[in-house]
Number of protein chains: 2
Amino acid sequence: LDRTRGPAERHADEHANMSDVASAAGVSVSTVSRALRGKAGVSEATREKVRATAARLSYVVSPEASALARRSTGRVGVAVPHIGNWFCATMLAGLEPVLRRAELDVLIYHLRGAADRDRFFERLPVRRKVDALVLIALPLDEAQQERLDLLGTPVVVAGGRVDGRPHVAIDDVAVGRRAVEHLVALGHERIAMIRSRDHEGVVWPADHDRALGYRLTLQGAGLEVDDRLVVSEQWGPRGGRRAMARLLDRHPRPTAVFAVADEMALGAIEQLRRAGLAVPEDVSVIGVDEHPMSEPHDLTTIRQPVSELGATAGRMVVELLGGAELAEREVRLPTELVVRATTGPVTTRATTG
Amino acid sequence: LDRTRGPAERHADEHANMSDVASAAGVSVSTVSRALRGKAGVSEATREKVRATAARLSYVVSPEASALARRSTGRVGVAVPHIGNWFCATMLAGLEPVLRRAELDVLIYHLRGAADRDRFFERLPVRRKVDALVLIALPLDEAQQERLDLLGTPVVVAGGRVDGRPHVAIDDVAVGRRAVEHLVALGHERIAMIRSRDHEGVVWPADHDRALGYRLTLQGAGLEVDDRLVVSEQWGPRGGRRAMARLLDRHPRPTAVFAVADEMALGAIEQLRRAGLAVPEDVSVIGVDEHPMSEPHDLTTIRQPVSELGATAGRMVVELLGGAELAEREVRLPTELVVRATTGPVTTRATTG
């Protein structure tokens, strides 16, 4: 047991605590209140004395009472699908410290699927609980987007777009273009794409846009868009393996594969190895993300700044809550082609495989 | 804009909102209050009518006001290191739905390193903001553990132990034993271990306990414990590669490797491939976790129920907040050896390699 606890710990009642601080500091309760809430009319010396006394007694202003007083909660809601997913978790990891530094607490809402999303937008459990809401990479229908008007708080979208809302994202069409242009420049003509669905079969907007970039680039290069070379599996490394197994059944088989995410690309590479094929000599593979597994596996990828997407959304929230106009309401962060060992020039061995 | 909004949306003031519901339902404000807060003295029919009216007007009880009234916040704090890390994110993904179902909001505190931990335990920012605190897999010193007494709320530890606090964890010594027993049973005698440090050089308790299991098993089997076969690198696949590169410099080299986590094991396997060595013919590799990458890579591992650790911690919190005595204050969840393709019997090729 900690014997250093002051009287402040022994009572749950705020007034008694404030009285304790007032007695100990030799000032009135009202002075303590003004000093701790940063109001005018208290000298800096008194403010310092009150703060020191409050710290010594481990006194904290009741956050509920002060939230009611200033009609703000000091909290930001963050709605996130699949917390266990690297992309979402990393975005959250980028977002949280920015909000924390602004003394905003983060309330997490984990929307794991369509039912969770429906319930969230129907009931809006964040109402009056948060000063702002951040939506991380969620597929929303129009009705859900409209429900957000009921919140009466700023809404910032990270890793996606909602019309009329401030958002930060990457250009996913450009991601698809960049990946496929890299393969085309290496001489590949039979370029497959591994797409993804979530566990409920939903195709997410990023996947859709990357597939568009894939098609546009093939068309622009005068190459055939062969629908049999586009396969979709459940998101993740297992899905990547299954997708690659299906692609290896095509004749002639693709000489290069663009996977919508590194975790699918790594699964695809594992499947190629098991089939006795060499990467990139038989098949080149490129992913998207720069997942922590990618560099150790020498995967060529399109890096996206996931943590920075979260941090930027956090800064937008802080600016909005500070009453500022956002300099930019639609922020695009850059992506980058990272060439490593899993892509290479097309070989005779690959085209005759 | 949503034209279906009722008058409740137009005012931030709770009383006015409640009046709107009262007028629309044809009852008194006090009846609305009692009905929505679940108090006695309201007939079921009236309660239903009030609920329906409140729902139609999108009215919600002010969570702040009702928290003050019942002296509870409706929130649980969750302190988590490295949200971006699969283990922590998956535990959070298991925990959140359990708390959500109990209508508890989740406040996240991301403690990324020693400085964040020091600040958190010094300032205890969760005080009066939460009804309970969950600590996910954090290394705490004694002073930090004592500070928790100041909270005056239940504290539940998930993925670790804090003396005197309810906790749910796996037996990490048994994990180390199980992994090494598997390798010993396959005839391996030169068994290496890849250990980890975090980005600040801290060795976490799970790593320490798994290393203890490794040593005890080797000793129990009458095998030499060769300190040159135990290497430590920064946590993650890149660290796994570096650790394996160091182990390949040992003569004679190990015929099997126990890695403290799958993500390090997968990095080690990549390094073996690059060195032209076959897994398991030249070197067997076993990890711990059952990370999503493990099955697609056919990695032998000790599965731990990460999501279930989080869910169990959530259930303990809900029980404690319901005023229940916990049936078990120290819960151990089982782990399981999953044998796949990266471990095999020791070969002459391996021992003469």
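**Student:** Give a description of the overall build of chain A that names residues and reports values.
**Tutor:** Of the regular secondary structure elements, chain A holds 13 helices and 12 strands. Relative to its length of 353 residues, chain A is extended, with a C-alpha radius of gyration of 27 Å against a globular reference of 20 Å. Viewed in the frame of its principal axes, chain A has a C-alpha envelope of about 90 × 45 × 35 Å. The buried share of chain A, reckoned over its 353 residues, is 57%. A separation threshold of at least 6 residues defines the contact pool for chain A, and within that pool the share at least 24 residues apart is 69%. With an accessible surface of roughly 14400 Å², chain A has 49% of that area assigned to carbon and sulfur atoms.

**Student:** Mind laying out unusual backbone geometry, listing which residues take part and the relevant values?
**Tutor:** Negative phi is the rule for most residues except glycine; trans is the rule for most peptide bonds. Between A:Val279 and A:Pro280 the backbone carries a cis peptide bond, its omega angle lying at 10°. Turning to its location among the elements, A:Pro280 is positioned in the loop between α11 (262–274) and β9 (284–289). Each neighbour pair has its own omega, and for B:His251 with B:Pro252 the value is -10°, a cis peptide bond. Mapped onto the secondary structure, B:Pro252 falls in the loop between α10 (237–247) and β8 (256–259). A positive phi is found at A:His82, a non-glycine position, where the angle reads about 50°. Along the chain, the position of A:His82 falls in the loop between β1 (75–80) and α5 (86–101).

**Student:** I'd like to hear about the packing of helix α5 (residues 86–101) of chain B against helix α12 (residues 306–321) of chain B, residue by residue, with values.
**Tutor:** All names here are of chain B. Axis separation between α5 and α12 bottoms out at 7 Å; the angle between their running directions is 40°. Viewed along their axes, α5 and α12 adopt a mutual orientation that is oblique. Taken as a pair, α5 and α12 cross one another with a handedness that is right-handed. Every residue of α12 that contacts α5 at Trp86, Phe87, Thr90, Met91, Gly94, Leu95, Val98 and Leu99 is listed here: Val306, Ser307, Leu309, Gly310, Ala311, Ala313, Gly314, Arg315, Val317 and Val318. For the contact of α5 with α12, the class distribution of residues is 12 nonpolar, 5 polar and 1 charged.

**Student:** I'd like a rundown of helix α12 (residues 306–321) of chain A, residues and numbers included.
**Tutor:** Residue and element names in this part refer to chain A. With 16 residues, α12 extends 23 Å from end C-alpha to end C-alpha; this agrees with the ideal 22 Å at 1.5 Å per step. Every buried residue belonging to α12 is among Val306, Leu309, Gly310, Ala311, Thr312, Ala313, Gly314, Met316 and Val317, and all of these are buried. Looking at the buried residues of α12, the elements they touch are β1, α5, β3 (132–136), β4 (155–158), β5 (167–169) and β11 (330–332). Directly beyond the C-terminal end of α12, a positive phi value near 85° is found at Gly323.

**Student:** Quick rundown of the sheet that holds strand β2 (residues 105–110) of chain B? Include the residues and the values.
**Tutor:** The strands that make up a sheet pair up through hydrogen bonds in the backbone, lying either parallel or antiparallel. With respect to topology, 12 strands assemble into an open sheet ordered β11(A)-β5(A)-β4(A)-β3(A)-β1(A)-β2(A)-β2(B)-β1(B)-β3(B)-β4(B)-β5(B)-β11(B), the strand pairing being mixed. A strand with exactly one partner marks an edge of an open sheet, and here the two such strands are β11 of chain A together with β11 (330–332) of chain B. Looking at each pair of strands side by side, their axes are set apart by 20° on average, direction ignored. The pairing of strand β4 (residues 155–158) of chain B with strand β5 (residues 167–169) of chain B spans 2 bridges and is parallel. Its bridge partner lying in β5(B), B:Val157 is registered against B:His167.

**Student:** How would you explain the pairing of strand β3 (residues 132–136) of chain B if you had to name every residue and give the values?
**Tutor:** In regular strands, side chains alternate between the two faces of the sheet. Residues and elements named next belong to chain B. Among the 5 residues of β3, 5 are classified as buried, and the element is accordingly described as predominantly covered. The alternating pattern of β3 places Ala132, Val134 and Ile136 on one face and Leu133 and Leu135 on the opposite face, and all of these are buried. Two strands pair when backbone bridges link them, and strand β1 (residues 75–80) and β3 are joined in this way by 4 bridges, in the parallel orientation. Each residue of the ladder has a partner; that of Ala79, found in β3, is Leu135. Between β3 and its parallel partner β4, the chain crosses via helix α7 (residues 142–147), and the hand of that crossover is right-handed.

**Student:** Kindly report on the packing of aromatic side chains, identifying the contributing residues and their values.
**Tutor:** Evaluation of the coordinates by the stated rule reveals 4 aromatic pairs over all chains. Centre to centre, the rings of B:Phe120 and B:Phe121 are 5.2 Å apart; their planes meet at 80°, and the pair counts as edge-to-face. Both residues of the pair, B:Phe120 and B:Phe121, belong to the buried class. By the ring-pair criterion, three or more aromatic residues cluster together here, those being A:Tyr109, A:Phe120 and A:Phe121.

**Student:** Give a detailed account of the pattern of salt bridges, specifying residues and quantitative values.
**Tutor:** Counted under the stated rule, the structure contains 50 salt bridges over all chains. The closest approach of N and O atoms between B:Arg274 and A:Asp298, which form a salt bridge, is 2.8 Å. Of the two residues, B:Arg274 is situated in helix α11 (residues 262–274) and A:Asp298 in the loop between β9 and β10 (300–303); the pairing between them involves two chains. Of the residues examined, B:Arg274 reaches a relative accessible area of 37% and is grouped as partly exposed.

**Student:** Can you break down helix α6 (residues 114–123) of chain A residue by residue, with the values?
**Tutor:** Residue and element names in this part refer to chain A. When we look at burial in α6, the residues that qualify are Asp116, Arg117, Phe120 and Phe121. Around the axis of α6, the buried residues are gathered within 120° of arc, so they sit on the same side. Those residues of α6 that are exposed and aimed more than 90 degrees away from the buried face are Glu122 and Arg123. Buried positions along α6 lie against β1, β2 (105–110), β3 and α7 (142–147). Just downstream of α6, Leu124 is the residue with a positive phi angle, here 45°.

**Student:** Explain the environment of B:Lys129 to me, using residue names and the numbers behind them.
**Tutor:** Residue placement: B:Lys129 occurs in the loop between α6 (114–123) and β3. In sequence terms B:Lys129 and B:Leu95 are 34 residues apart; their C-alpha atoms lie 19 Å from each other.

**Student:** Kindly report on a negative patch on the surface, identifying the contributing residues and their values.
**Tutor:** Together, A:Asp118, A:Glu122, A:Asp141, A:Glu142, A:Glu146, A:Asp163 and A:Glu330 make up a region of like negative charge exposed at the surface. Elements with a minimum of two residues in the negative patch: α6 and α7 of chain A.

**Student:** Quick one: what's the story with the sheet that holds strand β8 (residues 256–259) of chain A, residue by residue and with numbers?
**Tutor:** All names here are of chain A. Within the open sheet, the 6 strands sit side by side as β7-β6-β8-β9-β10-β12. Their pairing is mixed. Whereas interior strands pair on both sides, the edge strands pair on one side only; in this sheet they are β7 (230–234) and β12 (336–338). Strand-to-strand twist of the sheet, defined as the mean angle between neighbouring strand axes without regard to direction, takes the value 20°. With 3 bridges connecting them, β8 and β9 associate as parallel partners. Pairing of Val257 across the sheet is with Val285, part of β9.

Cut-offs applied
- Numbers given for residues are sequential positions, taken from 1 along each chain in its written order.
- Note on labels: chains are lettered from A, ligands numbered from 1, in written order.
- Where local features are concerned, this predicted model is filtered to residues with pLDDT of at least 70; where side-chain atom pairs are given and counted, the filter is 80 or more; whole-chain, interface and lining totals use all residues.
- The basis for every side-chain value is the complete set of non-hydrogen atoms in the structure, without hydrogens or water.
- Only runs of H or I of at least four residues qualify as helices and only runs of E of at least two qualify as strands under DSSP, and these elements are numbered from the N terminus.
- All radius of gyration figures rest on C-alpha atoms, and the globule criterion is 2.2 Å times the number of residues raised to 0.38.
- Between buried and exposed lies partly exposed: a residue is buried under 20% and exposed over 50% of the maximum accessible area for its type, with that area taken using a 1.4 Å probe on protein chains only.
- Here, two residues are considered to be in contact whenever any of their heavy atoms come within 4.5 Å of each other.
- All accessible areas in this document rest on Shrake-Rupley with a 1.4 Å probe, and a residue is counted as covered only by the protein chains that are shown.
- Whenever a helix is involved, its axis is fitted only over the stretch in contact; in every case the axis is a line through C-alpha atoms, and angles between N-to-C directions fall within 0 to 180 degrees.
- Orientation labels follow simple angle bins: below 35 degrees gives roughly parallel, above 145 gives roughly antiparallel, 65 to 115 gives roughly perpendicular, and whatever is left gives oblique.
- With the far helix as reference, a near helix turned anticlockwise by less than a right angle produces a left-handed crossing, and one turned clockwise produces a right-handed crossing.
- Side-chain classes follow a simple rule in which Ala, Val, Leu, Ile, Met, Phe, Trp, Tyr, Cys and Pro form the nonpolar group, Asp, Glu, Lys and Arg form the charged group, and the remainder, Gly included, forms the polar group.
- The span one expects for a helix is its residue count, reduced by one, times 1.5 Å.
- Any two strands between which DSSP finds at least two bridges are classified as paired.
- Crossovers are described as right-handed under a simple rule: with the strands pointing away from the observer, the path leading from the first strand over the helix to the second runs clockwise.
- Centres within 6.5 Å are what make two rings of Phe, Tyr or Trp a pair, Trp counting through its six-membered ring; a difference in plane orientation under 30 degrees is then read as stacked, over 60 as edge-to-face, and the rest as tilted.
- By convention in these notes, a salt bridge is any Lys or Arg side-chain nitrogen within 4 Å of a carboxyl oxygen on Asp or Glu.
- Directions are taken from the helix axis to each C-beta atom, and the arc is the one they span.
- By definition, no residue in a patch forms a salt bridge, and every one has over 30% relative accessible area; like charges are joined within 9 Å, nonpolar side chains (Val, Leu, Ile, Met, Phe, Trp, Tyr) within 5 Å.
- Lys and Arg are tallied as positive, Asp and Glu as negative. Neither His nor the chain termini are counted.
- Just so you know, the charge point we use is NZ for Lys, CZ for Arg, CG for Asp and CD for Glu.

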